[in-house]
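# Fold and contact review
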Amino acid sequence: MGKHEIRLRRQRMAARGSDRFRNYSAVMKQHGEGKRIKLITRIFTFLFLIIALIIVLIVVSRWEKKQTDPEQKSAQKENVQNAP
Amino acid sequence: MTEDEIRKEQAIIERSKKDPQAFGELYEKYFDRIFNYILRQTDNDELTGDLCSQTFVNALNNLGKYEFRGFPFSAWLYKIAGNEVNKHYRKNKGKKIFSIEELKVRELVEQTTDTWDEELINRVIRYMNELPTDMIQVLELRFFEDKDFKEIAFILDMTESGAKMRTYRALDKLRTNFNLKVKYDG
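Residues numbered from 1 in each chain as written. Chains lettered and ligands numbered in written order. Predicted model: local features only at pLDDT ≥ 70, side-chain atom pairs only at ≥ 80, totals over all residues. Heavy atoms only, no water.

Here helix α7 (residues 133-144) of chain B contains 12 residues, and its C-alpha end-to-end distance of 15 Å stays within 8% of the 16 Å for a straight helix at 1.5 Å per residue. Trailing α7 of chain B by a residue or two, Asp146 of chain B shows a phi angle of about 55°, which is positive. (Helix = DSSP H or I, 4+ residues; strand = E, 2+ residues; numbered from the N terminus. Expected span 1.5 Å × (residues − 1).)

So this is what it looks like as structure tokens:
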């Protein structure tokens, strides 16, 4: 047996009627909702990226500050020791 | 489809990219065909209504990506509809259904004997149940939707020669297994 099932239909397709499912305004509505969700997702993604970038910048600047502080301290110490 | 019709359709598509309301004309034009195509693969009116609606929503959502490749716009809709049906079966892990009109089977197979045998139809259906699914898909598009091989290849994402090979193999089997004269040879 295959992965499908063949059914024989005695009735013609057209006789079954598809008109009750024909609704373009519902399609438009769904399309509008989809568009809105897409826009909101884009805005949130953009905001998230900006926040992430700001956090990275803060972390990097703090790290740089920490790196420069010991150098300054050791330089000050040397100055004190070499003072006449 | 004439070149003039294709040009008109392209104009509607371009308009629809800016104004989705314009897409309504194509919706009205192709709704029945897409509905019947999905119905043949589900045999369920309500489910077909949902999948058909989703097909047109997807088409509208992705209209900006649509490019004319020498096929009528309907080929693109058939492709989206096929993807929607496959997605449904993958999600529900069900057996794919092909609901075929008896009249179409009678049209496809011309009997060599005078009387039409009910048992013969049942045997043909049983035989079709044994064929690989992709072969049935090609047969469906070729004989029940009257698509040419180039369009079938586009809809099913296969090569044109692959579509032809599947069709001829299935028809050859029909001829030899049932000693039938298959109507279509083109």
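A few words on the packing of aromatic side chains. Residue and element names in this part refer to chain B. The tally for this structure, following the rule as stated, stands at 16 aromatic pairs over all chains. Ring centres of Tyr27 and Phe31 lie 5.3 Å apart, and the angle between their planes is 50°; on these two criteria the pair is classed as tilted. With Tyr27 and Phe31 both in helix α2 (residues 24-42) and 4 residues apart, the pair spans about one turn of that helix. The same class applies to Tyr27 and to Phe31, which are both buried. (Phe/Tyr/Trp six-rings, centres within 6.5 Å; stacked < 30°, edge-to-face > 60°. Buried < 20%, exposed > 50% of the residue type's maximum accessible area, 1.4 Å probe, protein only.)

A word on the pairing of strand β1 (residues 96-101) of chain B. Along a regular strand, successive side chains alternate from one face of the sheet to the other. Extensive coverage of β1 of chain B is indicated by the burial of 6 of its 6 residues. Of the two faces of β1 of chain B, the one carrying Lys96, Phe98 and Ile100 of chain B and the one carrying Ile97, Ser99 and Glu101 of chain B are both buried. Summarising the sheet, strand β1 (residues 4-9) of chain A and β1 of chain B pair through 6 bridges and their orientation is parallel. Paired with Leu8 of chain A across the two strands is Ile100 of chain B, which belongs to β1 of chain B. (Pairing = 2+ DSSP bridges.)

Right, let's get into the layout of surface pockets. What the largest pocket holds in volume is close to 350 Å³. Looking at the largest pocket, it is lined by 16 residues, and the ones nearest its centre are His31, Lys35 and Lys38 of chain A together with Leu60 and Asn61 of chain B. Of all the secondary-structure elements, those providing two or more residues to the lining of the largest pocket are α2 (24-82) of chain A together with α1 (3-18) and α3 (45-61) of chain B. At 6 residues, the largest contribution of residues to the lining of the largest pocket is made by α2 of chain A. (1 Å grid on protein atoms, 1.4 Å probe; cavity = no way out; pocket = protein on both sides within 12 Å on 5 of 7 lines; lining within 4 Å. Points joined across faces, edges and corners; volume = space filled by probe spheres on them.)

Within this structure, the stated rule accounts for 20 salt bridges over all chains. For the salt bridge of Asp32 of chain B with Arg22 of chain A, the shortest nitrogen-to-oxygen distance reads 2.9 Å. One end of the pair, Asp32 of chain B, is in helix α2; the other, Arg22 of chain A, is in the loop between α1 (13-16) and α2, on a second chain. On the accessibility criterion, Arg22 of chain A (22% relative accessible area) is partly exposed. Sharing partners across several salt bridges, the network here consists of Glu5, Arg7 and Arg9 of chain A together with Asp43 of chain B. (Salt bridge = Lys/Arg side-chain N within 4 Å of Asp/Glu carboxyl O.)

Next up on the list: the nonpolar core. Membership of the largest hydrophobic core comes to 44 residues, with the highest contact counts inside it found for Phe23, Ile34, Phe56, Phe73, Trp76 and Ile155 of chain B. For this core, the domains that each give at least three residues are domain 1 (3-92) and domain 2 (102-178) of chain B. Excluding residues that lie within four positions of it along the chain, Phe56 of chain B makes contacts with Val27 of chain A together with Phe23, Tyr27, Tyr30, Phe31, Ile34 and Leu77 of chain B. In this structure, Ile6 of chain A together with Val124, Leu139 and Phe144 of chain B belong to the second largest nonpolar core, which totals 21 residues. (Core = buried A, V, L, I, M, F, W, Y, C linked by side-chain atoms within 4.5 Å. Domains from an automatic or database assignment. Contact = heavy atoms within 4.5 Å.)

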